[in-house]
Amino acid sequence: MSLVFDVLSGEGIAPFVPDLARLRVGVFRDWPYLYEGSLDYERKYLAKYVRLARATVVLARDGDAVVGASTALPLVEAEAELRAPFLDAGLDPAEVYYYGESVLLAPYRGRGAGVRFFAEREVRARALGFGYATFCGVVRPPDHPARPPDYVPLDAFWTKRGFVPRPDLMASFEWRDVGGTVPTRKPMAFWLKSLRHG
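All of these numbers come straight from a predicted model, not from anything done at the bench.

Caption draft 1: Spotlight on the environment of Arg51. Tracing the backbone shows Arg51 in helix 2 (residues 39-51). Residue classification places Arg51 among the exposed residues on the basis of a relative accessible area of 63%. When the C-alpha atoms of Arg51 and Leu39 are compared, they prove to be 19 Å apart, with 12 residues separating the residues in sequence.

If you want it as structure tokens, here you go:
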């Protein structure tokens with residue numbers, strides 16, 4: 001189970017869209033996202049990464065099997081809901097590279113893939129000349145009934161990568177939770193890192 005990482009952009013992403021869609025639907029069913037996704041929606045969502053020259057996908061493979069991936073794109077090319085908090089705070093979205101999801105099958109966790117996902121996206125963000133990197137994560141109440149008792153938030157991991165929480169930058173997205181009947185809106189909190197030094 002040794003992992004190989006590929007950094008892809010543009011048309012190089014296209015052959016892996018079905019694998020990425022499968023990973024997103026499978027991994028995001030777990031806490032904290034509890035996302036009841038569909039492969040059709042995910043394939044359409046991921047198609048934009050193929051069309052955008054400055055988008056990035058980092059694949060983790062075990063042999064020929066895609067077991068993890070992370071995505072990134074310029075914030076100006078992301079959804080309006082992601083740009084709005086930056087505009088409201090007087091921050092220029094054109095300066096920011098947005099890290100989308102990182103998804104990894106459970107048997108491969110704890111072996112450095114998350115570190116590699118962040119490192120490869122930062123290399124790409126710097127090469128493209130961005131001054132900041134950001135991502136956001138869902139905020140769930142601490143007493144949520146689906147929260148696993150052994151859940152450890154990733155805050156320490158993100159801090160070690162140089163990101164700082166920005167509670168003044170919040171977005172929200174709507175999706176249907178696993179077991180839910182209707183979509184509900186969830187708050188998403190941003191973390192930000194300056195790429196101007198180091």
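Caption draft 2: Focus on the sheet that holds strand 7 (residues 184-194). Reading across the sheet, the seven strands line up as 1-2-3-4-5-7-6 and stay open at both edges, with mixed pairing between neighbours. The open sheet is flanked by strand 1 (4-8) and strand 6 (164-175), the only strands paired with a single partner. Between one strand axis and the next, the sheet turns by 25° as a mean value, whatever way the strands run. Sheet topology note: the strand 6/strand 7 ladder contains nine bridges and is antiparallel. For Phe173, the partnering residue across the bridge sits in strand 7 and is Lys186.

Caption draft 3: Expanded view of the pattern of salt bridges. Using the criterion set out here, one finds 15 salt bridges in the structure. In this structure, Arg140 and Asp177 form a salt bridge, with 3.0 Å as the shortest nitrogen-oxygen distance. Residue Arg140 is found in the loop between strand 5 (132-138) and helix 5 (155-160), and its partner Asp177 is found in the loop between strand 6 and strand 7; the two are separated by 37 residues along the sequence. With relative accessibility at 15%, the residue Asp177 sits in the buried group. The partner of Asp177 in a salt bridge is Lys186, with the nearest N and O atoms 3.1 Å apart. Neither residue differs from the other here; Asp177 and Lys186 are each classed as buried. Among the charged side chains, a network of salt bridges with common partners joins Arg24, Glu42 and Glu101.

Caption draft 4: Structural detail: the pairing of strand 5. When you tally the buried positions in strand 5, you get six out of seven residues, the bulk of the element. Bridge count for strand 4 (residues 96-104) against strand 5 is three bridges, and the pairing is parallel. Residue pairing across strands places Tyr97 opposite Ala133, the latter belonging to strand 5. Between the parallel elements strand 4 and strand 5, the chain passes through helix 4 (residues 113-127) in a crossover that is right-handed. Direction of pairing for strand 5 relative to strand 7: antiparallel, over a ladder of seven bridges. By the bridge assignment, Val138 is partnered in strand 7 with Met188.

Caption draft 5: Seen up close, the nonpolar core. Among the nonpolar cores identified, the biggest contains 36 residues, and Ile13 and Phe190 are the most heavily contacted of them. Sorting elements by how many residues they give to this core places helix 1 (residues 17-27) first, with five residues. The next biggest cluster of nonpolar side chains, apart from the first, holds 12 residues, and it includes Ala72, Ala133, Trp191 and Leu195.

Rules and cut-offs
- Residues numbered from 1 in each chain as written.
- Predicted model: local features only at pLDDT ≥ 70, side-chain atom pairs only at ≥ 80, totals over all residues.
- Heavy atoms only, no water.
- Helix = DSSP H or I, 4+ residues; strand = E, 2+ residues; numbered from the N terminus.
- Buried < 20%, exposed > 50% of the residue type's maximum accessible area, 1.4 Å probe, protein only.
- Pairing = 2+ DSSP bridges.
- Axes fitted to C-alpha atoms, helices over the stretch in contact; angles between N-to-C directions.
- Salt bridge = Lys/Arg side-chain N within 4 Å of Asp/Glu carboxyl O.
- Right-handed = clockwise from strand over helix to strand, strands pointing away.
- Core = buried A, V, L, I, M, F, W, Y, C linked by side-chain atoms within 4.5 Å.

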